[in-house]
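Spelled out from the first residue to the last, the chains are:
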Amino acid sequence: MSIERVLVANRGEIAVRIIRACHELGLNSVAVYSDEDREAPFVSLADQAFLIGGSEARDSYMNADALLNAAKQTGADAVHPGYGFLAENAVFAQRCIDAGLIFVGPSPEIIAEMGSKVQAKLAAEKAGIPVVPGYHGTDQSDSVLLAEAERVGFPLLIKASAGGGGRGMRRVYDLSDFINQLHLARKEAKAAFGDGDVLLERFVESARHIVVQILSDGSAPALHLFERDCSIQRNHQKLIEEAPAPNFPNSVRVKLLEAAVQLTSLIKYNSVGTVEFIYDPKSEDFYFLEMNTRIQVEHPVTELITGIDLVEWQIRVASGEVIPFAQSDITCSGWAMEARIVAEDPADNFRPQTGIINSYTEPTGKNVRVDSGVEAGSVVSHYYDSMLSKVIVKSSDRKSARRNLSRALSEYKISGVRSNIAFLSDVLSTDAFVDAEHHTGLLSAQWPNGWTAPSVDNQDRMEAAVAFFLSNSNLKNENESPWKSLGAWRITEVAGRTGSTTFYVRDAEDVDCVTQISGSGISLFVCLDAETIYELTNIALKEDILSYEIDGHRRTVSVKVIDQSVILHSGVNIHCLHILTSEQALLGSTVKQENRDGMISASMPGLVVEVRVSVGDKVDAGQILIVLEAMKLLQNLTAPRDGVIASVRHKVGDTVDGRVSLVTLEVEP
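Residues numbered from 1 in each chain as written. Predicted model: local features only at pLDDT ≥ 70, side-chain atom pairs only at ≥ 80, totals over all residues. Heavy atoms only, no water.

**Some points on the packing of aromatic side chains**
Here is step 1: Summed over all chains, the structure comprises 14 aromatic pairs.
Here is step 2: Each ring, one from F277 and one from F286, has its centre 5.5 Å from the other, and the planes form 90 degrees; the classification is edge-to-face.
Here is step 3: By relative accessible area, which is 13% here, F286 ends up buried.
Here is step 4: Judged by centre distance (5.3 Å) and plane angle (85 degrees), the rings of F468 and F503 are edge-to-face. You can see F468 sitting in helix α16 (residues 458-471) and its partner F503 sitting in strand β24 (residues 500-506), a full 35 residues away along the chain.
Here is step 5: By relative accessible area, which is 0% here, F503 ends up buried. (Phe/Tyr/Trp six-rings, centres within 6.5 Å; stacked < 30°, edge-to-face > 60°. Buried < 20%, exposed > 50% of the residue type's maximum accessible area, 1.4 Å probe, protein only. Helix = DSSP H or I, 4+ residues; strand = E, 2+ residues; numbered from the N terminus.)

Following this line, the structure appears as structure tokens:
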């Protein structure tokens, strides 16, 4: 059966990727979108777009009825699920087929078997592939799981049976914490995949995460497209991926690729997929983890080293085409790396960020690829995953690929929401990653007390003040405050004295730096706190680029002036500085926020999924009071001290804004 029109049952960067693949194949594309995504880039990129429901994923991208109705209304003959949402939902795949649609993916039977980590492990054992020691039985009672956890030993992982991406996954170090983490894992798995079943695995210390890309049309043997290293992870979510895997013995590589092909051929797999393994560098043993029956986020690195368009072949195989090339025709050329750009604040315990992207500039250059789902003006909401885009580079070897990825990150400019770009740049520079000795626990080992953002320095303050000064130099507002005089006082210049303008540059810590700018035209003197003096010449501010000469050197920096805020991009570092006039800094009053120790607030917008206390309950410091779901992850809000619950302001099912009070706590009388 041929395909003419594909409904893309997803959003963001993967929707963009699939739509572009459809266009390359000459197929029509249909985008579906929620209320929140009305203005998203993927909506306008498609040939057709169809509104399917509210902003919550359960009302739109997880709503099978709405998706099937959209396919019927738009005349689509195929559905591509992308990744996440319903991509590995066997019931949805079968419903597509029953509706006369082609499901772009493997058969529902294979999805059901391999989409369940439990069944997948049984299939791997049947194929003679070693699996991680643990428990993957059908008895899901607390008592059985607790007993099995004690048998497996600690540390161990609780993992959602029906999904991946770190959702429903919890690392447990002590038996006393097991039941609490089990309940959280179940809730997260249920919210993300509609299935709360879990399995237990022994946690392999200092392991590497290696996955094998598979392509098959259902005939044996399946084809492998070599392996990827996905070991750089935070909370079990991948951040940096590369292909091929570095510092990986070829004898082990051959066995691992053969194992992946053996399993895939055994189940007669008929699409694109990945077989995932844990590799222990000390023993050189590897263990089967799971199989993903979908396209993966990091598929571009495999595309760059093989030259094979995976999304295109995913669609071709679904339409019944036979793969015309053999394993011997697939070669691995060069080295590719990918970094996931996420809306989060790494310096604030990786708190997910929401807001509007004010300015957006992607890196360019030879062998640089950006798969993105956002643009300037895009809204980053709490309803969906916080990933914004991916930067992928290719080079002849790993050393140059790492260098090129670092350069690309330094050119990536996103303002309006914080991102992890600076953090990713630091990861690339760690000795362990440079020497290819990294593992899944690297980030927590490298930054045991959390990552600290680069601090604002005097050059940043100077550049922010100059950018603000120049951006306002052409204003002709007669009602403007005289303290916001732009350029030297003209009356003093006539008298032979150079005037100056004073600003107060305020950083994120509310620390003010008195900054005095004097001079005119393209030459300025900038004095910080009456001590540090900069002499700038040949200054220009054009299209958000500040350029100047200092001490015989030319420097350019990306800036964005919004009202009295200046967003400064210095390499991979992003600083937001506020510029105050003298009257604002000296005459304005600052009111300290009242003590809020007894007020438990939402860390960001989200959905209340559990309320564990009632008014009058006595609670201990650290006790979980509220569980909040935001960007597909569960966050525990705990009591800051012992006390008594004075009020509970929201109930399960409420959607709350960031920083809003959820519970108030009083000292026990």
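**Notes on the pairing of strand β13 (residues 272-280)**
Consecutive residues of a regular strand have side chains that alternate between opposite faces of the sheet.
Here is step 1: With 9 of 9 residues buried, β13 is to be regarded as a mostly interior element.
Here is step 2: Burial along β13 is two-sided: V272, T274, E276, I278 and D280 and G273, V275, F277 and Y279, pointing in opposite directions, are all buried.
Here is step 3: As paired elements, strand β10 (residues 208-215) and β13 share 8 bridges and run antiparallel to each other. From the neighbouring strand, R208 faces β13, where its bridge partner is Y279.
Here is step 4: Where β13 lies against strand β14 (residues 285-292), 7 bridges are found, and the strand directions are antiparallel. (Pairing = 2+ DSSP bridges.)

**Brief notes about the packing of helix α12 (residues 398-411) against helix α13 (residues 421-429)**
Here is step 1: As a packed pair, α12 and α13 sit with axes 10 Å apart at the nearest point and diverge in direction by 160 degrees. Relative to α13, the element α12 lies roughly antiparallel. Here α12 and α13 pass one another in a crossing that is left-handed. Facing R402, L405, S406 and L409 of α12, the residues of α13 in contact are I421, L424, S425, L428 and S429.
Here is step 2: Residues belonging to the contact of α12 with α13 are distributed by class as follows: 5 nonpolar, 3 polar and 1 charged. (Axes fitted to C-alpha atoms, helices over the stretch in contact; angles between N-to-C directions. Parallel < 35°, antiparallel > 145°, perpendicular 65-115°, else oblique. Left-handed = near helix turned anticlockwise from the far one by under 90°. Contact = heavy atoms within 4.5 Å. Nonpolar A, V, L, I, M, F, W, Y, C, P; charged D, E, K, R; others polar.)

**Some words on unusual backbone geometry**
Here is step 1: With an omega of 0 degrees, the peptide bond between F154 and P155 qualifies as cis.
Here is step 2: Note on placement: P155 falls in the loop between α7 (142-152) and β7 (156-160).
Here is step 3: Residue P244 is bonded to the preceding A243 through a cis peptide linkage, with omega at 0 degrees.
Here is step 4: Assignment of secondary structure puts P244 in the loop between β12 (237-243) and α9 (250-266).
Here is step 5: In this structure, D544 is a non-glycine residue whose phi angle is positive, near 65 degrees.
Here is step 6: Along the chain, D544 turns up in the loop between β27 (532-542) and β28 (545-550).

**Some points on the pairing of strand β9 (residues 198-202)**
Here is step 1: Counting buried residues in β9 gives 4 out of 5 residues, a clear majority hidden from the surface.
Here is step 2: Pairing of strand β6 (residues 134-135) with β9 involves 2 bridges; the strand directions are antiparallel. Its bridge partner being in β9, G134 is matched across the sheet by E201.
Here is step 3: Here β7 runs beside β9; their pairing, made up of 5 bridges, is antiparallel. Opposite A160, over in β9, you have V198 as the bridge partner.

**Some points on the sheet that holds β13**
Here is step 1: Ordered by their spatial adjacency, 8 strands build an open sheet running β14-β13-β10-β11-β12-β15-β22-β20, and the pairing between neighbours is antiparallel. Sheet topology places β14 and β20 (368-372) at the edges, where each strand pairs with a single neighbour. Geometrically, the sheet is characterised by an average inter-axis angle of 25 degrees between neighbouring strands, direction not taken into account.
Here is step 2: Sitting on the sheet, helix α11 (residues 310-318) touches β10, β11 (223-234) and β13, and the angle it makes with β10 is about 45 degrees.

**Observations regarding the environment of I210**
Here is step 1: Structurally, the position occupied by I210 is in strand β10.
Here is step 2: Distance from I210 to T501, taken between C-alpha atoms, is 58 Å for residues 291 residues apart in sequence.

**Some details on the side chain of S319**
Here is step 1: Checked against the element boundaries, S319 lands in the loop between α11 and β15 (335-342).
Here is step 2: Note on S319: relative accessible area 18%, which makes it buried.

**Structural notes on the pattern of salt bridges**
Here is step 1: On inspection of all chains with the given rule, the structure shows 37 salt bridges.
Here is step 2: Between R316 and E312 there is a salt bridge whose closest N-O contact spans 2.9 Å. Placement of the pair is R316 and E312 together in helix α11, with a separation of 4 residues, close to one helical turn.
Here is step 3: On the accessibility criterion, R316 (23% relative accessible area) is partly exposed.
Here is step 4: A salt bridge links D512 to R506; the shortest N-O distance between them is 2.6 Å. (Salt bridge = Lys/Arg side-chain N within 4 Å of Asp/Glu carboxyl O.)

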